[in-house]
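# Examining the three-dimensional arrangement
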Amino acid sequence: MTMEYSYSLLSEAAYADLEGVETSAQLLNALVGVNGEVDPDKGFSQIRAEEFIRHWRVVDHLPDTSIGYSATVFQGLDNPDDFGLTMHGNEQLTHS
C-alpha cells in the first residue's frame, strides 16, 4: 500500500462513526456502515475496509463535539511507529 493511498484511506476513515471501536471487527463494521446501515454509496466498500483494518487500528477517538469536531488517532499495524491523526467537522455553524 503506497503512503498516498494509505493517507487517503485515513482521510476517508475520519468520517466513520468510530465511537466505542476497540476491535478490528468493530472497526470494519464502522467503516462500511453509515448510521448502522451498509450503504454502497457512502463509507468504505467491504474489500477496502478489510484492507484498511489489516494496516491500521484505532488508538483513540474523540467523537463529535457540540460544534461537530471529531478526531481519531490511528496506529499502523505494519509499523507501530506510524500514527495517523484524522480530524473532521460536520456541523454547520450559524452566525447571528
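Residues numbered from 1 in each chain as written. Predicted model: local features only at pLDDT ≥ 70, side-chain atom pairs only at ≥ 80, totals over all residues. Heavy atoms only, no water.

### Side note on the confidence of the model for the protein
Caution applies to low-pLDDT parts of the model: their predicted coordinates are not meant to be read in detail. Inclusion rule: Confidence scores per residue from the predictor, reported as pLDDT, run from 0 to 100. The helix and strand labels rest on DSSP assignments: H or I over at least four residues marks a helix, E over at least two residues marks a strand, and numbering proceeds from the N terminus.
Of all residues in the protein, 83% have pLDDT values of 70 or greater, and the mean over the chain is 85. Within the protein, the element-level pLDDT minimum falls on strand S2 (residues 37-38), averaging 61, and the maximum on strand S3 (residues 56-62), averaging 94.

### Side note on the pairing of strand S4 (residues 69-76)
Two faces belong to every sheet, and in a regular strand the side chains alternate between them. Here is the rule we go by: Only protein chains enter the calculation, and the probe is 1.4 Å; a residue is then buried if its accessible area is under 20% of its type maximum, exposed if over 50%, and partly exposed in between. Two strands pair under a simple rule: DSSP has to find at least two bridges between them.
Counting buried positions over the eight residues of S4 gives six, a clear majority of the element. Where S3 lies against S4, six bridges are found, and the strand directions are antiparallel. Note that in S4 the partner of Arg 57 across the bridge is Gln 75. Counted along the chain from S3 to the antiparallel partner S4, the turn is six residues long, and its residue Gly 68 has a positive phi close to 85 degrees. Note: S4 against strand S5 (residues 83-89), seven bridges, orientation antiparallel. By the bridge assignment for S5, Phe 74 is matched with Gly 84.

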